[in-house]
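# Structural overview
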Amino acid sequence: MTRITITGRRQLTGQVRAAGAKNAALPILASTLLGGGDCQITNLPQVRDVATMNTLLSLLGASVKQDGNKVVINTDTVQSLEAPYDLVKTMRASVLVLGPLLARFGEAIVSLPGGCAIGPRPVNLHLDGFKKLGATIELAHGYIRAHTTGLKGQRIDLETPTVTGTENLIMAACLAKGTTIINNAAMEPEIEDLANFLNTRGANIMGAATGRIMIEGVSQLHGAEYTVMPDRIETGTYLIAGMVTGGDVEVHHCIPGHLDSLISKLRECGAEVHETTDSIRIKAPKRIQALDVQTFPYPGFPTDLQAQMMAMMSVADGTSVITENVFESRYLHVPELQRMGASITVDGSRAVVKGVPQLTGAQVMASDLRASAGLVLAALAAEGETQITRVYHLERGYERIEDKLQGLGAIVHREPASA
Ligand code: EPZ
């Protein structure tokens, strides 16, 4: 198992380019299962989760030709309809193949994703939506078996605005007979990216990212070329890296409008933030002001930046209260931050963070993708050396993170973990 070692207290300065958005790439790749010829997708982030999705598509029989940040996929040769447990357990977003397989082949067998470090992560809303569209769902031996003799457009009212649930139902509705309306749909920009991709392939989707999505089913799709949107969570992570090191960092090839909630919080903490159409530059204040943060579905403050914000609040002036409203238990980074000297108390969904003058480097362990990003930021701010193990969590969603941090002046390197 590899680990990364960071020597903290180095001011980060300079420019870094945002990679393509992992959470847009995953549904876009899965949606190629709807068929219709060659899809050329560019600006793919070279991260573990994208590799896993491409492996799953190949396993189902698709032709997947990846070359760096580009992939050409043709799913005319798909002959298996089963996403096996061994693969799904490594990436719960594999559940995104359910909707397209069901819509195109009338059948899909997908391992239940199971829980993960940040909560039980049920998929009941996905399955209820498929049933509404005319599928029968059977749960047995840890697998979801979905079947239909033909999906029919329906009105679906989502209890909570589930991101991958909205994406799964959009994909299924694309080939359903008639019109589907999804109410209380998630409004994350990644959903709009998926809808844009599908519409370039001949789908008929209106209202993506508005909370109410209408899909007119079509008989088939055709191939297309598409460029994945920039990753707003990676962008936000580097902006906070600039903050915690008292630096001056500019992220380019990003979409500032996707980060309004973070930018207003960083300004509240005393940062100077300059935006252009495709870049955000942040100049850190001498001392970061404490402030309260609540996570919400988009356009609220993103849960995927909560751990990163907590790392920053750990060294702010004053006490901050962080409230995690999206997931049941997304505080696994807290004990690791406490090992570095952070003063945090968790009570249910609330974490009270009392800023300390200085964190100290320590050996810490990553637990999930965004928690590990929070540990990296804490390490950049800490006095001394921090070793982070289980970095495969980090590799799932951050492309070449050591290179990008080194490019900003950080002292970071990767080594095989001794144990
Ligand atoms: C997506 O996960 C993202 N993953 C997550 O990013 C992100 O944290 C999350 O949305 C929230 O923004 C991808 O896009 C691949 P949800 P998803 O369904 O779709 C409950 C990362 O770091 N719920 O919106 O799984 C659920 O328990 C990852 O890249 C149900 O109850 O999240 C949670 O409390 C981590 N039943 C809430 O809704 C369901 O059927 C939001 O979950 C589905 C969800």
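For clarity, every value in this text was computed on a predicted model and none was experimentally measured.

So, about the layout of surface pockets. Roughly 400 Å³ of internal volume is contained in the second largest pocket. Lining the second largest pocket we find 17 residues, and of these Arg9, Val244, Thr245, Gly246 and Lys286 sit closest to its centre. Broken down by secondary-structure element, the contributors of at least two residues to the lining of the second largest pocket are α8 (232–244) and α12 (369–381). Tallied by class, the residues present in the lining of the second largest pocket amount to 10 nonpolar, 4 polar and 3 charged.

A word on the sheet that holds strand β24 (residues 411–416). Spatial strand order, β22-β23-β1-β24: 4 strands in an open sheet with mixed pairing. The sheet is open, and its two edges are formed by β22 (363–365) and β24, each paired on a single side. Here the average twist between neighbouring strands, direction ignored, is 25°. Pairing geometry for strand β1 (residues 2–7) and strand β23 (residues 385–389), over 5 bridges, is antiparallel. Bridging from a neighbouring strand, Thr7 pairs with Glu385 of β23.

So, about the site of the ligand. Near the ligand lie 22 residues; those nearest to it are Leu125, Thr162, Thr164, Asp304 and Val326. Within the backbone of Val326, one N or O atom sits 2.6 Å away from an oxygen atom of the ligand. Between an oxygen atom of the ligand and a side-chain N or O atom of Arg370, the distance comes to 2.8 Å. Sorting the residues of the shell around the ligand by element identifies α1 (22–31), α5 (124–132), α6 (163–174) and α12 as the ones contributing at least two each.

On to the environment of Thr235, then. Within the element layout of this structure, Thr235 appears in helix α8. Setting aside its immediate chain neighbours within four residues, Thr235 contacts Ala18, Val251, Cys254, Leu259 and Ile280.

This part covers the sheet that holds strand β18 (residues 293–294). The strand order β18-β19-β21-β20 describes an open sheet built from 4 strands, whose pairing is mixed. At either end of the open sheet lies a strand with only one pairing partner, and these are β18 and β20 (343–347). Pairing between strand β19 (residues 319–323) and strand β21 (residues 350–354): 5 bridges, direction antiparallel. Within β21, the residue paired with Ser320 across the bridge is Val353. Its contacts with the sheet put helix α10 (residues 306–313) on β18, β19, β20 and β21, and the angle it makes with β19 is roughly 170°.

Further remarks concern the state of the cysteines. According to the stated counting rule, one finds 0 disulfides in the structure shown. Among the cysteines around Cys269, which has no disulfide bond, Cys254 carries the closest sulfur, lying 19 Å off.

A few words on the domain arrangement of the protein. The domains assigned to the protein are domain 1 (2–19 + 230–416) and domain 2 (22–227). Computed over C-alpha atoms, the centres of domain 1 and domain 2 are 30 Å apart. The interface of domain 1 with domain 2 comprises 24 residues on the first partner and 22 residues on the second. Roughly 1,800 Å² of surface becomes buried between domain 1 and domain 2 when both sides are summed, with 52% attributable to carbon and sulfur atoms. Of all residues in domain 1, Tyr298, Arg396 and Glu399 bury the most surface against domain 2, accounting for 32% of the area lost on that side.

A few words now on the environment of Ile388. Note on placement: Ile388 falls in strand β23. With relative accessibility at 1%, the residue Ile388 sits in the buried group. Ile388 sits 141 residues away from Gly247 along the chain, and the two C-alpha atoms are 22 Å apart. In contact with Ile388, other than residues within four places in its own chain, are Arg3, Ile4, Ile6, Val364, Ala366, Leu375 and Val376.

Here we come to unusual backbone geometry. In this structure, Pro299 follows Tyr298 across a cis peptide bond, with omega equal to 10°. Residue placement: Pro299 occurs in the loop between β18 and α10. Backbone geometry places Arg400, a non-glycine residue, at a positive phi of 50°. As for its position among the elements, Arg400 is in the loop between α13 (392–395) and α14 (401–407).

Time to look at the side chain of Lys265. Looking at where Lys265 falls in the secondary structure, it is placed in helix α9 (residues 260–268). Overall, Lys265 belongs to the buried group, its relative accessible area being 18%. Beyond its immediate stretch of four places on either side in the chain, Lys265 contacts Leu291, Asp292, Val293, Phe301 and Met309.

Take helix α2 (residues 48–59) next. Across its 12 residues, α2 extends 16 Å between first and last C-alpha, which sits within 8% of the 16 Å expected from 1.5 Å per residue. Within α2, the full set of buried residues consists of Asp49, Val50, Thr52, Met53, Asn54, Leu56 and Leu57. The secondary structure elements touched by the buried residues of α2 are α1, β4 (63–67), β5 (70–74), β6 (82–83) and α3 (85–88). Just downstream of α2 lies Gly61, where phi reads positive at about 110°.

The rules behind these values
- Residues numbered from 1 in each chain as written.
- Predicted model: local features only at pLDDT ≥ 70, side-chain atom pairs only at ≥ 80, totals over all residues.
- Heavy atoms only, no water.
- 1 Å grid on protein atoms, 1.4 Å probe; cavity = no way out; pocket = protein on both sides within 12 Å on 5 of 7 lines; lining within 4 Å.
- Points joined across faces, edges and corners; volume = space filled by probe spheres on them.
- Helix = DSSP H or I, 4+ residues; strand = E, 2+ residues; numbered from the N terminus.
- Nonpolar A, V, L, I, M, F, W, Y, C, P; charged D, E, K, R; others polar.
- Pairing = 2+ DSSP bridges.
- Axes fitted to C-alpha atoms, helices over the stretch in contact; angles between N-to-C directions.
- Near = heavy atom within 4 Å.
- Polar contact = N/O pair within 3.5 Å; in protein donor to acceptor, adjacent residues only side chain to side chain.
- Contact = heavy atoms within 4.5 Å.
- Disulfide = S-S within 2.5 Å.
- Domains from an automatic or database assignment.
- Buried area = accessible area lost by both parts, 1.4 Å probe.
- Buried < 20%, exposed > 50% of the residue type's maximum accessible area, 1.4 Å probe, protein only.
- Expected span 1.5 Å × (residues − 1).

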